[in-house]
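# A structural walkthrough
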Amino acid sequence: MEWYIYAFIASICFSIYYVSLKRNLYKEHTLEYLTLYTLFLFLIILPFYKNINFNLNSVSYILIFIDALMLSLYFYFLTSAYRHLDVSELEPLSNSGTLLIVLISLILFKDILTSVNYIGILAMLIGVLILETGLRLNHIKSVAKHLRNKYFKLLFLAMVCIAISVTLDRIILNPKVLNLGFQAADIFTMQFFTRLFIAINFLFIMFAFKKGLKGIKHGLKNAGVRIFLAS
């Protein structure tokens, strides 16, 4: 199957997730939601344990842990923003993460953009402008002022974290892109360990804030099925 078909299917899944996210957050606090969500993510990939390579070297494990930390921050910042702002306001601006990933790829991996790539980037920027302002120039100032909201700042922090995470994914899956000599991880192994570490991160935070099992039970009772479907 061609890569763009996978990308298209992924975009559909993400769209459904973000729409369901807002509804889930009406009944659940961010931390409780994310703890259950990441636990479900790990449990979903657990049946594939036979595909996991546990014989990675220490460098791979360290990079995977940093990747999981970036993803944990991404989930927290993004979910906090979605809890307090409208999906229609946030989603167009989330494309800034894609632009940041492109920039990192140009600098770090020496990727080369074609004319089609530049046209795509320009189209994406125009799309964001249309969605945010409706092409009314008098709205630009109000949008710029609105972007000072702390939850928009959390969104941009989330985009930075996901850009770092995607960069690490590429290195972990293919260290040769930077001429590194450590062992590459396969997709199942990387997904397994990142999901494990993310779940551990949020469980640690839950128990550190003394919510623990009580918070998990509360989340299961209020929105367990919906959070599972989101996962």
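Criteria and thresholds
Residues numbered from 1 in each chain as written. Predicted model: local features only at pLDDT ≥ 70, side-chain atom pairs only at ≥ 80, totals over all residues. Heavy atoms only, no water. Helix = DSSP H or I, 4+ residues; strand = E, 2+ residues; numbered from the N terminus. Rg over C-alpha atoms; globule rule 2.2 N^0.38 Å. Buried < 20%, exposed > 50% of the residue type's maximum accessible area, 1.4 Å probe, protein only. Contact = heavy atoms within 4.5 Å. Areas by Shrake-Rupley, 256 points an atom, 1.4 Å probe, with all protein chains shown as cover. Lys, Arg positive; Asp, Glu negative; His and termini not counted. Charge placed at Lys NZ, Arg CZ, Asp CG, Glu CD. Axes fitted to C-alpha atoms, helices over the stretch in contact; angles between N-to-C directions. Parallel < 35°, antiparallel > 145°, perpendicular 65-115°, else oblique. Left-handed = near helix turned anticlockwise from the far one by under 90°. Nonpolar A, V, L, I, M, F, W, Y, C, P; charged D, E, K, R; others polar. Expected span 1.5 Å × (residues − 1). Core = buried A, V, L, I, M, F, W, Y, C linked by side-chain atoms within 4.5 Å. 1 Å grid on protein atoms, 1.4 Å probe; cavity = no way out; pocket = protein on both sides within 12 Å on 5 of 7 lines; lining within 4 Å. Points joined across faces, edges and corners; volume = space filled by probe spheres on them. Phe/Tyr/Trp six-rings, centres within 6.5 Å; stacked < 30°, edge-to-face > 60°. Salt bridge = Lys/Arg side-chain N within 4 Å of Asp/Glu carboxyl O.

## Re the overall build of the protein chain
If you tally the helices and strands in the protein chain, you get 10 helices and zero strands. Starting at the N terminus and walking to the C terminus, you meet the elements of the protein chain as α-α-α-α-α-α-α-α-α-α. Relative to the compact-globule value of 17 Å for 231 residues, the protein chain shows a C-alpha radius of gyration of 19 Å, a close match. For the protein chain, buried positions account for 39% of its 231 residues. Taking all contacts inside the protein chain whose residues are at least 6 apart in sequence as the whole, residues at least 24 apart take part in 82%. Approximately 13,800 Å² of the protein chain is accessible, and the part contributed by carbon and sulfur atoms is 70%. Averaging the positions of the 21 positive and the 11 negative side-chain charges in the protein chain gives two centres separated by 10 Å.

## Re the packing of helix α2 (residues 30-45) against helix α9 (residues 187-208)
Relative to each other, α2 and α9 sit at 150°, their axes nearing to 8 Å. When the axes of α2 and α9 are compared, the pair comes out roughly antiparallel. In the crossing of α2 with α9, the sense of the turn from one axis to the other is left-handed. Residue-level inspection shows Leu 31, Glu 32, Leu 34, Thr 35, Thr 38, Leu 39, Leu 41, Phe 42 and Ile 45 of α2 in contact with α9, the latter providing Phe 188, Gln 191, Phe 192, Arg 195, Leu 196, Ile 198, Ala 199, Phe 202, Leu 203, Ile 205 and Met 206. In terms of residue class, the contact of α2 with α9 is made up of 15 nonpolar, three polar and two charged.

## Considering α2
Relative to the 22 Å expected for 16 residues at 1.5 Å per residue, α2 spans 23 Å between its end C-alpha atoms, a close match to the ideal helical length. Counting buried residues along α2, 13 of its 16 residues qualify, which places the element largely inside the surrounding structure.

## Some points on unusual backbone geometry
The phi dihedral of Lys 110 is positive, around 60°, even though this residue is not glycine. In this fold, Lys 110 is placed in the loop between α5 (96-108) and α6 (115-133).

## A short note on the nonpolar core
Formed by 55 residues in total, the largest nonpolar core has its most connected members in Tyr 33, Tyr 37, Tyr 74, Phe 75, Leu 78 and Leu 155. Contributions of two or more residues to this core are made by α1 (3-27), α2, α3 (58-84), α4 (87-93), α8 (150-173), α9 and α10 (212-230). Once residues lying within four places of it in the same chain are set aside, the contact partners of Tyr 37 are Tyr 17, Phe 75, Ile 227, Ala 230 and Ser 231.

## Focus on the layout of surface pockets
If you roll a probe as big as a water molecule over the atoms, it shows you where there is empty space left. By volume, the second largest pocket is sized at about 240 Å³. Along its surface, the second largest pocket is lined by 13 residues, and Leu 31, Tyr 76, Phe 202, Ile 205 and Phe 209 are the ones closest to its centre. At the level of secondary structure, the elements contributing two or more residues to the lining of the second largest pocket comprise α2, α3 and α9. Within the lining of the second largest pocket, the residues separate by chemical class into eight nonpolar, four polar and one charged.

## A word on the packing of aromatic side chains
By convention here, two paired aromatic rings are described through the distance between centres and the angle between planes. Using the criterion set out here, one finds 15 aromatic pairs in the structure. Here the aromatic rings of Tyr 37 and Phe 75 are separated by 5.5 Å at their centres, their planes lie at 85°, and the arrangement is edge-to-face. Linking Tyr 37 in helix α2 with Phe 75 in helix α3, this pair joins segments that are 38 residues apart in sequence. The exposure classification of Tyr 37 matches that of Phe 75, with both residues buried. Here the aromatic cluster, defined as three or more aromatic residues joined through ring pairs, consists of Phe 42, Phe 54, Tyr 61, Phe 65, Phe 192, Phe 193 and Phe 197.

## Some words on the packing of α9 against α10
Interaxial distance between α9 and α10 falls to 7 Å at its minimum, and their mutual angle equals 115°. With respect to their mutual orientation, α9 and α10 come out roughly perpendicular. Each of Leu 203, Met 206 and Phe 207 in α9 lies in contact with α10, whose residues at this interface are Gly 212, Leu 213, Gly 215 and Ile 216. Looking at side-chain class alone, the contact of α9 with α10 contains five nonpolar, two polar and no charged residues.

## Comments concerning the side chain of Thr 79
Position of Thr 79 relative to the elements: it lies in helix α3. On the accessibility criterion, Thr 79 (2% relative accessible area) is buried. Once you skip the residues sitting within four places of it in the chain, Thr 79 turns out to touch Leu 21, Leu 25, Thr 30, Tyr 33 and Leu 34.

## A short note on the pattern of salt bridges
Summed over all chains, the structure comprises one salt bridge. Where Asp 111 meets Arg 170, a salt bridge forms, and the shortest distance between an N and an O atom there is 2.9 Å. Of this pair, Asp 111 sits in the loop between α5 and α6 while Arg 170 is found in helix α8, placing the two residues 59 residues apart along the sequence.

Nothing here speaks to function; it is geometry throughout.
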